[in-house]
Structure formats: C-alpha cells, structure tokens
Amino acid sequence: MSALRLRAARVDGLRQRLSQRDLAVLGALHRVRLLSLNQLQRLVVADGSPAARTRRAQLLMQRLHRHDLVVRLSRVVGGIRAGSSGYIYGLSGLGQAVIDAGGPLGGRRRRIWESKPYFQDHLLAVSELYVQLVEQHRQGRAELLAFDAEPGCWRHFTGSGGELVVVKPDAYVRLGVAAVERSAFIEVDLTTETLPTILKKCLRYIAYWRSGVEQQWRGVFPKVVWLVQNERRAERIGSVIRKLAMDAQTLFEVGLLSGATGLLSGVPQGAAA
C-alpha cells in the first residue's frame, strides 16, 4: 500500500474513533487557529466542578496530542512555563486532514507555527471573544449566528484604480437579538499598531463601504468595532475616527475588550435579551 493510501487510511480510522467532543475541539481550532486550555475547557467541558472540568480538558488534549491531531505550544506565564495549563493548542497537519475528511467541518488548510508572543496574544484575544460569544449564546442572551475568523472574514473589492483591495478584519460576527440581527467587523487592538496605521485601516473600510459590495451581498454594512484594552487607547482611536468625514464616522465604534459581548449584542452583561 502506498504512503498516500496509508495516510488516508489512518485519517479515516482516526475520524471514525473520534467522539463528538473530540470533533468539537478540532472544529473550534479550525475556526480560530489557537485556543488556550481554559478556553477549550469552557467550550467543550461544561459539567462538573472547576477542578474536574480542568482535569478532563487536560486529559482530552493530552489524548488528542498523543494522536498527533493537535500541536501544543508552550505558554510563558509570569516568566515561567505554566505546566499543562499553560499550553495553547492549534491543529496539526493530521488534525486538519481529519477535518477535511468530510462532513460539516471540512474547509481550507491552515498551518500553525511557533509565532512571536504578541501574535499569539492577538490570536488568543480573538479566540477569547469567540468563547465569550458562545457562552453568551448558551445563556440565551444573544444567538451566535456566525463567527468567521481570519482569513474567512476577509473581504475583497476593486479599488478606484482597478486594483484588487483586501480588507482584513480579525473577525466577522453576526448575532441575533430578539428579532434583530447585528453584524460587525472586529478589530482587536492590543496597542501594537500606530495611529497612522489605524487611520489607514479605517480609510480602507470606508472605501469598501462606498464600493457597495458588502451591501449587495449581505444587504447591510456591518459596524466596524475596535476592541481595546483600556479607556486611554479607546480615546486615541476615537480621536482618529473623529477626523474622518462625518458620514463615515458612524461606521465605527470603539469599546473595551472586557465588555465586548455586551457591546456587540446591545445586551449588557447580566441582562436578558
């Protein structure tokens, strides 16, 4: 039997043995690329005491790692390795092949690599937003209708000179609140971008809005929501937005990462939809 057939047989065999919880883990990693153990536990291990949930999540990820379905990146916390709870996870090539083997989780291949800490932090911040929106959905506060991370959330349009222009939000979110749908392009800001870069991104969104492509496709142009870590950064990005044309300023909103789910759903935390 050829190496290709052997690999295909291994992929099929693994997929047949995986539980729904295993597939949920692989599907979540396919969606957002990186997840911490805590985030994975909140997504797929909902029952039991906090200690029991953490232990079950650790055993689950150890097993998936042992089968080479996930890659495990060491996370430094407080200057030291934080043990198994400090790992962050992504799909391995084999894990991606299992996802691609068929069914509703199929999709494009993604690679995970050892990246710089600030890039990992950014990916994990987007992942945290996803986890919180899932938790909000389970609580009945807002229905999570769509969450597309990079690159699935990117948009393409033709610029004024006929060139191809790409808008690269960190995520696209669509929520259902009562009879209303709310959609947003998400920009997670961890204070690594300069204000001129922020302005350039805003102008690209404005150009995309003026192109009408999104409105023809979706019927509405999503809010562009900048999520930041503190009020000082919110004010600085707000100052950039206030320099834009008046009609374009309404496209944008700035809020804190700590209150992101309430901002996106319009439902304050603790309130019912």
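Below: a short report on this structure. (Residues numbered from 1 in each chain as written. Predicted model: local features only at pLDDT ≥ 70, side-chain atom pairs only at ≥ 80, totals over all residues. Heavy atoms only, no water.)

## Looking at the nonpolar core
Here's step 1: Counting residues in hydrophobic clusters, the biggest one holds 48 residues, and the most contacted among them are Met61, Phe147 and Ile186.
Here's step 2: In terms of residue count, helix 6 (residues 117-138) provides more of this core than any other element does, seven residues in total.
Here's step 3: Leaving out residues up to four positions away in the same chain, isoleucine 186 has contacts with Leu129, Pro169, Asp170, Ala171, Val173, Val225, Leu227 and Leu264.
Here's step 4: Core analysis: the second largest hydrophobic core is formed by 24 residues, Phe185, Cys202, Ile206 and Leu251 among them. (Core = buried A, V, L, I, M, F, W, Y, C linked by side-chain atoms within 4.5 Å. Buried < 20%, exposed > 50% of the residue type's maximum accessible area, 1.4 Å probe, protein only. Helix = DSSP H or I, 4+ residues; strand = E, 2+ residues; numbered from the N terminus. Contact = heavy atoms within 4.5 Å.)

## Let's talk about the pairing of strand 8 (residues 164-167)
Here's step 1: Across the two faces of strand 8 the burial differs, with Val165 and Val167 buried and Leu164 and Val166 not buried at all.
Here's step 2: Of the pairings in the sheet, the one linking strand 7 (residues 155-158) to strand 8 comprises four bridges and is antiparallel in character. Paired with threonine 158 across the two strands is leucine 164, which belongs to strand 8.
Here's step 3: Between strand 7 and strand 8, which pair antiparallel one after the other, the connecting turn spans five residues, and glycine 162 there sits at a positive phi close to 85 degrees. (Pairing = 2+ DSSP bridges.)

## A word on the pattern of salt bridges
Here's step 1: By the definition in use, this model includes 14 salt bridges.
Here's step 2: In this structure, glutamate 135 engages arginine 42 in a salt bridge whose closest nitrogen and oxygen atoms are separated by 2.9 Å. Here glutamate 135 is found in helix 6, whereas its partner arginine 42 is found in helix 3 (residues 37-44), with 93 residues between them in sequence.
Here's step 3: According to the relative accessible area criterion, arginine 42 is buried, its value standing at 18%.
Here's step 4: Beyond isolated ion pairs, a larger network of salt bridges with shared partners links Arg21, Asp47 and Arg56. (Salt bridge = Lys/Arg side-chain N within 4 Å of Asp/Glu carboxyl O.)

## A few points about unusual backbone geometry
Here's step 1: At the junction of glutamate 150 and proline 151, the peptide bond is cis and its omega measures out at -5 degrees in the coordinates.
Here's step 2: If you trace the backbone, proline 151 turns up in the loop between strand 6 (143-149) and strand 7.
Here's step 3: A positive phi angle is found at aspartate 68, which is not glycine, with a value near 65 degrees.
Here's step 4: As for its position among the elements, aspartate 68 is in the loop between helix 4 (50-66) and strand 2 (70-73).

## What to know about helix 5 (residues 93-100)
Here's step 1: Where burial is concerned, most of helix 5 is hidden: six out of the eight residues are buried.
Here's step 2: Where helix 5 is concerned, the buried positions are Leu94, Gly95, Gln96, Ala97, Val98 and Ile99.

## Some remarks on the sheet that holds strand 2
Here's step 1: Spatial ordering of the open sheet is given by 1-5-2, a layout of three strands whose pairing is antiparallel. Both edges of this open sheet fall to strand 1 (35-36) and strand 2, since each of them pairs with a single strand only.
Here's step 2: Note that strand 2 and strand 5 (residues 88-91) share four bridges and pair antiparallel. Bridged to arginine 72 within strand 5 is tyrosine 89.
Here's step 3: The strands touched by helix 2 (residues 20-32) within the sheet are strand 1, strand 2 and strand 5, with strand 5 carrying the most contacts at an inclination of about 90 degrees. (Axes fitted to C-alpha atoms, helices over the stretch in contact; angles between N-to-C directions.)

## Focus on the environment of serine 36
Here's step 1: Among the secondary structure elements, serine 36 is positioned in strand 1.
Here's step 2: Residue serine 36 is classed as buried on the basis of its relative accessible area, which comes to 17%.
Here's step 3: Along the backbone, serine 36 and tyrosine 89 are 53 residues apart, and their C-alpha atoms lie at a distance of 6.2 Å.
Here's step 4: When residues no more than four places from it in sequence are discounted, the contact partners of serine 36 are Tyr87, Ile88 and Leu124.

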